[in-house]
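# An overview of the molecular structure
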Amino acid sequence: MMNYAAAGDSADTADSGDPAQSTAAIIAQSLTTVRGDRQVLKALDFTVPTGQVTGLLGPSGCGKTTLMRAIVGTQAKVTGTLQVLGRPAGDPALRSRIGYVTQAPSVYDDLTVRQNLDYFAAVLLPGRAHRHDRRTAVDRAIEDVDLADHADALAGRLSGGQRSRVSLAVALLGTPELLVLDEPTVGLDPVLRRDLWNLFHRIAADRGTTLLISSHVMDEAERCHRLLLMREGEILAEDTPDDLRRRNDTATVEEAFLHLVDAANERAARAAVEEQEHRP
Amino acid sequence: MNANRTLATAARVLRQLRHDPRSIALMLLVPCLMLFLLRYVFDGSPGTFDNIGASLLGIFPLITMFLVTSIATLRERTSGTLERLLAMPLGKADLIAGYALAFGLVAVLQSVLATGLAVWLLGLDVIGSPWLLLLVALLDALLGTALGLFVSAFAASEFQAVQFMPAVIFPQILLCGLFTPRDRMAPALEAISNVLPMSYAVDGMNEVLRHPDMTTAFVRDALVVAGCAVLVLGLGAATLRRRTA
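These numbers were taken from a predicted model, which means no experiment stands behind them.

When helices and strands are counted, chain A shows 8 helices and 10 strands. Expected size for 280 residues packed as a compact globule is a radius of gyration near 19 Å; at 20 Å, chain A falls within 12% of this value. Relative to its full complement of 280 residues, chain A shows a buried share of 54%. Counted over contacts in chain A with a minimum sequence separation of 6, partners at least 24 positions apart contribute 68%. When the accessible surface of chain A is totalled, it reaches about 12,500 Å², and 48% of it is carbon and sulfur. The distance from the centre of the 31 positive side-chain charges to the centre of the 40 negative ones in chain A is 7 Å.

So, in structure tokens, the structure goes:
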């Protein structure tokens, strides 16, 4: 049986016949982040292919949000190489090309859905000349997240799931080339979750957008084109769901993930024992 | 910096405020009520009302705008909208100027009401032009906005933000010459009051009160207050970080 150590097993990636390397939206090399004296991300190497839905999966606290913040350029103390859409992460030119949705909905509770979108649209497309474009973009974003009935309701009066969809709608304005979504479906009912995943795939297919979506719910992994499995600041595997299941000889991605985690734990335990034995 | 983004931000802040009519009413009416009270507290000594009333016209906008801005920007920080805006193509100066513009407009409205009430209804005896009173009030409001923006960076909650009011504003009220002329304070306190911006706001108001024309002292006071506002706004901009840990 084959186990991945950290990611970057390039031979495997090539085997799966995936065009990830040639047209990557995100390329990370020994990407490291420190918070205090703790390494939150430990020398990550990975790529995210353009125009696909990539899932970032792993347990809470494994560093998913930190990784996403590094990609959108809001995380401090990032070292290593991180190329996003051909530019170093955090480059000012990227700000209008990336849509980012934080885990907690970040919208103005004392504005209506439409007023929220109007403002963020004016930040993205300022000026009178773009008035028509802004209106179209706002209407489309409201349609995308299915909130047309609530367009004139105050965001603060909406339910949790509706507010997170307003937050998502803001990120859809201006048709970004890369969408970074931090747990967009957490706390939503199954019907809405299905609808949102359909929307994500539609956006990737119709608009050629690259999506990086984090989740700690493993059944959502099956809906992604590609997966990055994370654990404790490291990437355990970087693969398609099919290959992940086949390689680990499991029926679901969840089982494959658990298998990889067990193997990693075993390796860590063995390394610790060996270190003890070598001590004089 | 982009004028359209600044204007959009100011419009958004005002739109948020419009959904909160109670706050608007409090901001506009409380200063008027205070002046009204003062007028009849000093019913027997109109000279005292002239002195204190003019000083308060400078102090009210500062306090109100300080409170409003510190809470509003703190909310922006804690709700995640600040992080979102800074990940978008919005300049820090656009955001700060947007806030200053929106609250500056509210301050103009507040000052017009308060000054109008004091001068025409309550008989505040001003020798200089009421327009100059309004100018100082506006500069004070900007200073309050700037200070509020700045301290919001050091408050982790709205509870803390409100506590900054007594910490930052009260010492200035005690030392600005409202209660006793500054040159009669202990020399150490006078020296401190010389470096606090509110002292110049109150001095400026008193210049208008006593002189028919714009004096050099008035120009100096107005410039000091404006300079402080710009300086603190710059410091406030420095507390907005695109990258955070």
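Check the secondary structure of chain B and you find 11 helices and 0 strands. Starting at the N terminus and walking to the C terminus, you meet the elements of chain B as α-α-α-α-α-α-α-α-α-α-α. Here chain B has a C-alpha radius of gyration of 18 Å; the compact-globule value for 245 residues is 18 Å, and the two agree. Judged by the C-alpha coordinates and their principal axes, chain B covers about 55 × 40 × 35 Å. Here chain B, with 245 residues, has 52% of them falling under the buried criterion. A sequence separation of at least 24 residues applies to 78% of the contacts in chain B between residues at least 6 apart. Summed over its atoms, the accessible surface of chain B is roughly 11,000 Å², and 69% of this surface lies on carbon and sulfur atoms. Across chain B, the 17 positively charged side chains and the 15 negatively charged ones have centroids separated by 14 Å.

A grouping of Leu26(B), Val30(B), Leu33(B), Met34(B), Leu37(B) and Val41(B) is seen on the molecular surface, where their side chains present a nonpolar patch of about 550 Å² in accessible area. Within the secondary structure layout, Met34(B) lies in helix α2 (residues 21–41).

A separate point is the sheet that holds strand β2 (residues 38–49) of chain A. Residue and element names in this part refer to chain A. Here we have 4 strands laid out as an open sheet, ordered β2-β1-β4-β5, and antiparallel in their pairing. The open sheet has two free edges, formed respectively by β2 and β5 (87–88), since each of these has just one partner strand. Bridge analysis of strand β1 (residues 24–35) against strand β4 (residues 78–84) gives 6 bridges, and the strand direction is antiparallel. Bridge assignment links Ala28 to a residue of β4, and that residue is Leu82. Against the sheet, helix α2 (residues 64–72) contacts β1, β2 and β4, and its axis sits at roughly 60 degrees relative to β2.

Let us now look at the interface of chain A and chain B. Taken together, the contacts link 33 residues of chain A with 28 residues of chain B. Summed over both partners, the interface of chain A with chain B buries about 2,700 Å², with 55% contributed by carbon and sulfur atoms. Linking Glu83(B) and Arg69(A) is a salt bridge whose minimum nitrogen-to-oxygen distance equals 2.5 Å. Summed over the shared surface of chain A and chain B, the result is 17 residue pairs in polar contact (both at pLDDT 80 or more). For the side of chain A that touches chain B, the element with the most residues is helix α3 (residues 113–124) of chain A, which contributes 6 residues. Of the residues that constitute the side of chain A that touches chain B, the class distribution is 18 nonpolar, 11 polar and 4 charged.

All names here are of chain A. Here the domain parsing of chain A yields domain 1 (48–76 + 88–97 + 176–257) and domain 2 (108–175). The distance between the C-alpha centroids of domain 1 and domain 2 comes to 23 Å. Each side of the interface is counted separately: domain 1 has 13 residues, and domain 2 has 12 residues. With both chains or domains summed, domain 1 and domain 2 bury close to 1,000 Å², and 66% of this area falls on carbon and sulfur atoms.

Thresholds, definitions, all that
Residues numbered from 1 in each chain as written. Chains lettered and ligands numbered in written order. Predicted model: local features only at pLDDT ≥ 70, side-chain atom pairs only at ≥ 80, totals over all residues. Heavy atoms only, no water. Helix = DSSP H or I, 4+ residues; strand = E, 2+ residues; numbered from the N terminus. Rg over C-alpha atoms; globule rule 2.2 N^0.38 Å. Buried < 20%, exposed > 50% of the residue type's maximum accessible area, 1.4 Å probe, protein only. Contact = heavy atoms within 4.5 Å. Areas by Shrake-Rupley, 256 points an atom, 1.4 Å probe, with all protein chains shown as cover. Lys, Arg positive; Asp, Glu negative; His and termini not counted. Charge placed at Lys NZ, Arg CZ, Asp CG, Glu CD. Patch = residues over 30% accessible without salt bridge, like charges linked within 9 Å, V, L, I, M, F, W, Y side chains within 5 Å. Salt bridge = Lys/Arg side-chain N within 4 Å of Asp/Glu carboxyl O. Pairing = 2+ DSSP bridges. Axes fitted to C-alpha atoms, helices over the stretch in contact; angles between N-to-C directions. Buried area = accessible area lost by both parts, 1.4 Å probe. Polar contact = N/O pair within 3.5 Å; in protein donor to acceptor, adjacent residues only side chain to side chain. Nonpolar A, V, L, I, M, F, W, Y, C, P; charged D, E, K, R; others polar. Domains from an automatic or database assignment.

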